Amino acid sequence: MTTLLHISASPRGARSESLALASRFLEVYREHHPTHGITEWDLWDGTLPAFGPAAAGAKMDVFAGVEPTGEGATAWAAARAAFDRLAAADKLLFSVPMWNAGIPYILKQFIDVVSQPGLVFGFDPAAGYRGLLTGRKAAVVYTSAVYGEGRGPAFGADFQRPYFDDWLRWAGITDITTVEFRPNLATPDADAGRVLATADAIEAAKRF
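Thresholds applied
Residues numbered from 1 in each chain as written. Predicted model: local features only at pLDDT ≥ 70, side-chain atom pairs only at ≥ 80, totals over all residues. Heavy atoms only, no water. Helix = DSSP H or I, 4+ residues; strand = E, 2+ residues; numbered from the N terminus. Buried < 20%, exposed > 50% of the residue type's maximum accessible area, 1.4 Å probe, protein only. Arc of directions from axis to C-beta. Contact = heavy atoms within 4.5 Å. Core = buried A, V, L, I, M, F, W, Y, C linked by side-chain atoms within 4.5 Å. Phe/Tyr/Trp six-rings, centres within 6.5 Å; stacked < 30°, edge-to-face > 60°. Lys NZ or Arg CZ within 6 Å of the ring centre and 35° of its normal.

1. Some points on unusual backbone geometry
At asparagine 100, a residue that is not glycine, the phi angle is positive and equals roughly 50 degrees. Its location among the elements puts asparagine 100 in the loop between β3 (91-97) and α4 (105-114). Take asparagine 100: its relative accessible area is 80%, and that puts it in the exposed class. Of note, alanine 101 is a non-glycine position whose phi angle comes to about 75 degrees, a positive value. For alanine 101, the location among the structural elements is in the loop between β3 and α4.

Here it is as structure tokens:
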């Protein structure tokens with residue numbers, strides 16, 4: 001059975017613009033794919049493991065062809081379980097708000113946890129990195145409250161979409177659909193922009 005995993009990086013619940021658009025996306029997706037399985041992963045729910053000294057040491061052990069032991073083995077098992085949760089899905093939907101021109105730290109933690117040798121990527125000394133998450137599709141809902149294309153530098157910069165899109169491609173996912181909602185909340189155009197972004201989410205879900 002085809003499965004879709006929604007990974008949410010927003011902690012704002014019902015007040016989240018990215019989650020609202022992702023929810024509409026999922027509603028339409030269910031209508032068009034009633035036999036597909038859909039699961040949710042709220043990165044703020046406490047199930048994402050930390051990636052500290054033991055995990056970093058285990059990663060370097062694996063790079064060197066050494067089996068992690070002790071605390072490293074435990075940390076590696078937790079990272080592997082998080083990766084397995086990701087890899088079990090055929091399609092991925094990410095809801096990603098902008099924080100300080102970039103992505104929320106919990107999403108960076110997710111990337112650091114799952115981006116492991118032999119899991120998300122392979123490496124060849126001559127050819128470099130090779131993404132291993134091939135054959136999957138990703139849809140990403142990007143939101144920001146102040147930054148928007150065409151606004152001056154006083155409204156911020158975008159290190160959100162370029163970074164996350166690059167990670168997806170690096171991991172081997174090249175079929176990427178994006179939905180963006182970037183109103184300037186100091187102006188009255190937010191509601192109109194929300195309507196347009198919702199329409200984009202609906203059309204994206206139909207094609208996904």
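Having put the structure on the table, let's press on.
2. Points about helix α2 (residues 53-63)
Residues of α2 that are buried include every one of Ala55, Ala58 and Lys59, and no others. End-on view of α2: buried residues confined to an arc of 105 degrees, all on one side of the axis. In α2, the exposed positions that point more than 90 degrees away from the buried face belong to Pro53 and Met60. In this fold, the buried residues of α2 make contact with α3 (70-87) and β4 (121-124). Immediately downstream of α2, the backbone of glycine 65 shows phi near 80 degrees, a positive value.

3. Details of the nonpolar core
Generally speaking, a soluble globular protein has its nonpolar side chains buried in company with each other. One finds Phe94, Phe110, Val114, Phe164 and Leu168 to be the most contacted residues of the largest nonpolar core, which totals 35 residues. For this core, the secondary structure elements donating two or more residues are β1 (3-8), α3, β3, α4, β6 (137-143) and α5 (161-170). Ranked by residues supplied to this core, first place goes to α4 with six residues. If near-sequence neighbours (up to four positions away) are discounted, valine 114 is found in contact with Ala82, Phe83, Leu86, Leu119, Val120 and Trp167. Residues Leu4, Ala22, Phe25 and Ala201 belong to the second largest nonpolar core, which totals 18 residues.

4. Comments concerning the environment of alanine 88
Position of alanine 88 relative to the elements: it lies in the loop between α3 and β3. Alanine 88 gets classed as exposed once you look at its relative accessible area, which sits at 56%.

5. Here we look at the packing of aromatic side chains
Tallying each qualifying case throughout the model produces 15 aromatic pairs. Residues phenylalanine 121 and tryptophan 170 carry aromatic rings whose centres are separated by 5.1 Å and whose planes lie at 40 degrees to one another, so their mutual orientation is tilted. Here phenylalanine 121, found in strand β4, pairs with tryptophan 170, found in helix α5; they are 49 residues apart in sequence, far enough to count as distant. Judged by relative accessible area, phenylalanine 121 falls into the buried class, the value being 3%. On the accessibility criterion, tryptophan 170 (25% relative accessible area) is partly exposed. Taken together, a centroid distance of 5.7 Å and an interplanar angle of 25 degrees make the contact between phenylalanine 164 and tryptophan 167 stacked. Residue phenylalanine 164 and its partner tryptophan 167 are located together in helix α5, separated by three residues, close to a single helical turn. Accessibility assignment for this pair places phenylalanine 164 and tryptophan 167 in one class, buried. Members of the aromatic cluster, each reached through a chain of ring pairs, are Trp41, Phe94, Phe110, Phe164 and Trp167. Just above the ring of tryptophan 41 sits the side chain of arginine 85; from NZ or CZ to the centre is 4.1 Å. Here lysine 91 stacks its cationic end above the ring of phenylalanine 208, 5.5 Å away from the centre of that ring.

The quantities given are spatial measurements derived from coordinates; they are silent on function.
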